[in-house]
Amino acid sequence: MSAGMYFSVRRRADLARYHLITIAIAVLLSPAVSAQSADPMVTVEMRQQGFKDMGAAFKGVRDQFRRSRPVMVMIREYSRPLLRYSREPVIENWFPQGTGPGEGIETEALPVIWERPDEFAARWEDYILAAENLQSAVVSGDLEATRERVREMGDTCSGCHDTFREEED
Ligand code: HEC
């Protein structure tokens, strides 16, 4: 085999490997697939990241109401992820079977999620409704209505956490 041929074969092999890696990453990033990932911690970390994001967004919204003059534009910006997450198939993608507490899994999700799935799904439905109501209030520009909707949304977070998330120390 000539040197030239050798290199072109090598290059093609490298290219093939590169494509495989790209496909692997794309597959990993796809929520539907990572939900069924062999490693449950991939899913657990994804949902914890999502909840952290929701927590930061909700704090941003609430902080506005601690100011003497809440700024509606800021409330609108911070509330965006809250609406976006409400449109995700969170139950399916974030809480597949086998991602509860167990060997090698660090999670605050309680086993009762998978024992009472209908109740858990109902708490998520409460959240979806709260996110839609908050969105309507924000769009209307009514600050007092928005304040009330934010309070209601807070109740849906704790309404789920009280039963389905391990209590923090
Ligand atoms: C339907 C149930 C449900 C609703 C509604 C819900 N959560 Fe959670 N949340 C959970 C569960 C379960 C966990 C634990 C996830 C884990 O550790 O795997 C969690 C974890 C969290 C965490 C910790 C993430 C981390 O690992 O650091 C934050 C922050 C959080 N939620 C904020 C919120 C906020 C803010 C809302 C409302 C705007 C909300 N959640 C609504 C179920 C819910």
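Residues numbered from 1 in each chain as written. Predicted model: local features only at pLDDT ≥ 70, side-chain atom pairs only at ≥ 80, totals over all residues.

Of the regular secondary structure elements, the protein chain holds eight helices and zero strands. Tracing the protein chain from N to C terminus, the helices and strands come up as α-α-α-α-α-α-α-α. Contacts in the protein chain between residues far apart in sequence, at least 24 positions, make up 62% of those at least 6 positions apart. (Helix = DSSP H or I, 4+ residues; strand = E, 2+ residues; numbered from the N terminus. Contact = placed C-beta atoms within 7 Å.)

This paragraph deals with the site of the ligand. Around the ligand, the structure places 22 residues, and the nearest of them are Q48, F51, G55, C157 and C160. Among the elements of the structure, α3 (40-64), α7 (117-140) and α8 (143-164) are those that each provide at least two residues to the shell around the ligand. Counting residues per element, the shell around the ligand draws most heavily on α3, which supplies eight residues. (Near = placed C-beta within 6 Å.)

Before going further, it helps to examine α3. A rise of 1.5 Å per residue sets the reference length of α3, with its 25 residues, at 36 Å; its end C-alpha atoms lie 37 Å apart and thus fit the reference within 8%. Among the residues of α3, those classed as buried are T43, V44, V61 and Q64. (Expected span 1.5 Å × (residues − 1). Buried ≥ 20, exposed ≤ 12 C-beta atoms within 10 Å, placed from the backbone.)

Looking now at the environment of I113. Tracing the backbone through its elements, the reader meets I113 in helix α6 (residues 112-115). Considered as a pair, I113 and F95 are 18 residues apart in the sequence and their alpha carbons are 8.3 Å apart. Not counting residues within four places of it along the chain, the set of residues in contact with I113 comprises F95, G100, F120 and F164.

Glancing now at the environment of L83. The topology assignment puts L83 in helix α4 (residues 72-86). Accessibility expressed as a C-beta count within 10 Å gives 15 for L83, which makes it partly exposed. Separated by 46 residues in sequence, L83 and L129 have C-alpha atoms that sit 9.8 Å apart.

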